[in-house]
Amino acid sequence: MTIQRFFSCLLAAVMLTALCAAPASAQDDRSETFTYTWCTPGSPDGIDYTAGDDYARFFTEQFNIQWDKINTTFDNHLERLRIWINSGDMPDLVNEWTFNFSELQSYAEQGLVGRLPDDWKERWPNLANAYARTGVGDQIEERLGGTYALPHPIFADHQPVEPLVWHYVAFMRKDWMEACGIEIKDSYTVAEIMDIARTIKEQDPGNVGANLKLINTHVAYMAYMFPYALYEGSWPDGVFFKDENGQIQWGPAQPEMLEALKVYQQAYREGLINPEFYTLKTNEGAEDFYTTGQSAITIECGMAVFMDRYRADFEQNLGLDYDEVVHTAVITGMDGKYHSAELANYSGALLLSPQLVEDTERFERLMDFLDYMCTEEAQLVLRLGLEGVDWQYAEDGSIELLTSGTVSEKYETAQRCWSNVYVLSDDFGIINPTYPEAYRERVVELYELKHELGTDTVLPADWDLRFYTSPARDRISFVYPDEYAALILKDGDLEENWNAWVEEALNTYIQPVLDEMNELYGGK
Amino acid sequence: MSQVLQTSKHFQRPRGLAAAIYKNRAVYTLLLPGLIWYLVFAYGPMGGLSLAFKDYRANLGIWGSPWVGMQNYHYVFRDAAFWRSVWRTLFINLGRLIFEFPMPVILSLILNELRMPRYKKVLQTIFTFPHFLSWVIVSSVMINFLSVEGLVNSIVKSLGGSAFNFLGNTTAFQPMLYITSIWKSAGWSAIIYLAAISGIDMDQYEAAQIDGASRLQRIAHITLPNIMPTVTVMFILQTGSIMSAGFDQIFNLSNVAVRDVSETLDMYIYRITFQAPPDFGFSMAVSLFRSVINMVLLVLADRGAKLMGGSGLFA
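Given the structure is predicted, the values throughout are model-derived calculations rather than measurements.

(A) Quick look at the confidence of the model for chain B. The predicted model of chain B has a mean per-residue pLDDT of 88, with 95% of residues at 70 or higher. Across residues 1-9 of chain B the pLDDT falls below 50, and counting only partners more than four positions away or on other chains, this stretch makes zero contacts in the model.

(B) Examining the domain arrangement of chain B more closely. All names here are of chain B. What the domain assignment lists for chain B is domain 1 (2-64) and domain 2 (71-307). Here the C-alpha centre of domain 2 lies 34 Å away from the C-alpha centre of domain 1. Counting residues at the interface gives seven residues for domain 1, matched by seven residues for domain 2. Taking both partners together, domain 1 and domain 2 bury about 600 Å²; carbon and sulfur atoms supply 76% of that area. Summed over the shared surface of domain 1 and domain 2, the number is zero salt bridges. Scanning the region where domain 1 abuts domain 2 turns up two residue pairs in polar contact (both at pLDDT 80 or more). Tallied by class, the residues present in the side of domain 1 that touches domain 2 amount to five nonpolar, one polar and one charged.

(C) Broad picture of the packing of aromatic side chains. This structure, assessed with the given rule, holds 63 aromatic pairs over all chains. An angle of 85° between the planes, with centres 5.1 Å apart, marks the rings of F58 of chain A and F59 of chain A as edge-to-face. Accessibility expressed as a relative area gives 0% for F59 of chain A, which makes it buried. Measuring from ring centre to ring centre gives 5.2 Å for F82 of chain B and F289 of chain B, while their planes differ by 70°; the resulting arrangement is edge-to-face. Taken as a pair, F82 of chain B in helix 5 (residues 80-100) and F289 of chain B in helix 16 (residues 280-307) lie far apart in primary sequence, 207 residues in all. The exposure classification of F82 of chain B matches that of F289 of chain B, with both residues buried. Within the aromatic cluster, the residues linked to one another by ring pairs are Y36, W38, Y55, F58, F59, F63, W67, F369, Y372, Y411 and W418 of chain A. The lysine or arginine in question, R309 of chain A, covers the ring of F306 of chain A, its NZ or CZ lying 4.7 Å from the ring centre. Between the NZ or CZ atom of K450 of chain A and the centre of the ring of Y447 of chain A, over which it lies, the distance is 5.7 Å.

(D) View of the packing of helix 8 (residues 135-146) of chain B against helix 10 (residues 170-198) of chain B. All names here are of chain B. Where helix 8 contacts helix 10, the axes come no closer than 12 Å and their chain directions differ by 125°. It follows that helix 8 is oblique to helix 10 by the angle criterion. For the crossing formed where helix 8 meets helix 10, the hand is right-handed. Between helix 8, through W135, V138, M142 and L146, and helix 10, the contact on the second element is made entirely by M176, T180, S181, W183 and K184.

(E) Expanded view of the sheet that holds strand 5 (residues 168-173) of chain A. Residue and element names in this part refer to chain A. Pairing is mixed across the open sheet formed by five strands, whose spatial order is 6-11-5-10-7. Here the strands that pair on one side only, and so sit at the sheet edges, are strand 6 (187-189) and strand 7 (213-215). Within the sheet, the average angular offset between the axes of one strand and its neighbour, ignoring direction, is 40°. The sheet contact formed by strand 5 and strand 10 (residues 295-301) spans five bridges and is antiparallel. Bridging across to strand 10, Y168 finds its partner in C301. Across the sheet, helix 21 (residues 437-453) lies against strand 5, strand 6 and strand 11 (326-332), angled at about 20° from strand 11, the strand it touches most.

The rules behind each value
Residues numbered from 1 in each chain as written. Chains lettered and ligands numbered in written order. Predicted model: local features only at pLDDT ≥ 70, side-chain atom pairs only at ≥ 80, totals over all residues. Heavy atoms only, no water. pLDDT = per-residue confidence, 0-100. Contact = heavy atoms within 4.5 Å. Domains from an automatic or database assignment. Buried area = accessible area lost by both parts, 1.4 Å probe. Salt bridge = Lys/Arg side-chain N within 4 Å of Asp/Glu carboxyl O. Polar contact = N/O pair within 3.5 Å; in protein donor to acceptor, adjacent residues only side chain to side chain. Nonpolar A, V, L, I, M, F, W, Y, C, P; charged D, E, K, R; others polar. Phe/Tyr/Trp six-rings, centres within 6.5 Å; stacked < 30°, edge-to-face > 60°. Buried < 20%, exposed > 50% of the residue type's maximum accessible area, 1.4 Å probe, protein only. Helix = DSSP H or I, 4+ residues; strand = E, 2+ residues; numbered from the N terminus. Lys NZ or Arg CZ within 6 Å of the ring centre and 35° of its normal. Axes fitted to C-alpha atoms, helices over the stretch in contact; angles between N-to-C directions. Parallel < 35°, antiparallel > 145°, perpendicular 65-115°, else oblique. Left-handed = near helix turned anticlockwise from the far one by under 90°. Pairing = 2+ DSSP bridges.

The structure is reproduced here in structure tokens:
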């Protein structure tokens, strides 16, 4: 081969390569800045989530994107979202925390939310892998004929148990329990919890006096302490279930529900529960636990981040060492078993607007970004901060922290915004070294204990029932914790009140749905 | 012949009206913004009422959504909670007419009798100020005041009594609504009566004084009769909103313990609209029902006022 021929071939190869590479370059061209409207609940206002700190810039500059951030509160998020979606005016990207399949189906049928292209899983594999971990993606796609939502995986790589259950546990004043001679255990039955409350009430080891609130949390969390702990059919995800004959039943109408309510009412009437728990807003009950130190028991997320937050709060507000004074435990039914409905590995979903999906370049850039956020590299920065600044790899490959504190403490943009872009923080929380190892281990222990105690009392997810939709089903507007609390607070005889409530609920809302579901799925 | 004349008059009238409008075009131009506002924001959206008879599909819009006849009402009227909310709304708001409505009138009469202008202004400002607080703030204050550990119970306990559960007591809920509403709104509502009082001819008071009328007699025989047309109009207006008053207040002051006495029609509409997958047809059916009842009550109150020899809203 002559030199001339060699160079001709080389030139041809270079030109061919350039020709092939050209579309890819154009595809990866991120010179144009794209701005996206992004709505999340609970994010503080007044923060520049695009470039407010190095943490935000690390992500936005890589993809040359900007956020036009819409911050809602948890109280009004869903209302506003429904109005936007129904008026065809939803933001480009929305974190929706109360995923409702029926609503999604309605939106999908009407083209009000974006449908991802059929080949999205091949094009964005990291996102697809995380999506697959939820276990519900296929179920939803099968019913809708495409991907219209990206459910947030609670756990991606570090799921502690399967089937999954909720993380809520009891946070209890260990020092008071020890002072009263109460045995410290990993799980307590509801009856034992009530006994503990009675003992603390009698002995008042914290010298709190008249302000002592024994079991203290708001209505929604109180359900975890009583009805949910006592009867799996009371869980909103488990209210419709198949009995041993394959017939579909409604949990709140079962005798077990009445028994659970009787215990709940007894605790209230005995003064073991904050007498005004129904007026408490989110966190107010927990605040009495770690701010004023007037509560003996509260319910909280059994996550390392919450234990760490409580540690800081106890130290700051009460000058107490969390590890010395707080104990976390699983609440079980009277039979010592953990009662629950299986929790699918997702919480809420990410929705994209149809306008965004149609705008190919903007859509693809956002999907590139979401795909990257599911990589290990991005997760490390999301959860730990910037490499070389907040952490680094040690010689043995382990992670070495360079600064103290959590990422939310170091970067204001991380608060309730970046951390839950897609994969939820629960996953990395199991291994996140910014939280004390003991807390992370405790989280896993509690999950494993629930698993162990709930082998035959955790209702498995039945997707046909959970994702069943019809006009009659959509008209059921019960907020179950509110219904249970209203029943036990009502004057008169509980059984009579419950019977009247069940009768009205069945006649008006529930029986038509049971009939429809039994016709479709009953006896199978 | 007379029929021909009437017909020709009938045809001439619009021309006369058009001529009159043209002649006074400057004045009518001033009317335009208000007219446009009403058309765009008051009458235009009334087309949305058709949703009560439709299965609303956002992608098809209000006009394109399919008609379903009375189907939404079939569901509404079958719901016992709906009927309970209707009666509860009537009951609460009738109480408002009895207990709340007279308060601004009484307050305006008292303020009018004050003889120290500066003191009167200070009091008026104090009474008017709560109107500018939102119900979110007022309810937070009330919850702090009335909770078991709140100010009121602390005083009760310090006097040797035992704490009373105001916030979770179904009997106390309705009086609490009236008291908070009077505290918040009486001062503001009194302004309109004070304005009416200020228009009364002072000669009447002077003549009564010369005749030896006491202050109470002057109030009863001069002030009250003079402001009665205003009171009547306000009464009719309040009757016209009897099915829809007070959502903010009830939403913020209620809780699950008093749900049986606090789910008014507005709260019911909120629940079915925002605590379940949205069904705008269903929600609109309830809203339309409420509006129709309000309208009927408004007309009845107007006719009633006229039958009793008073003035009404409509000619």
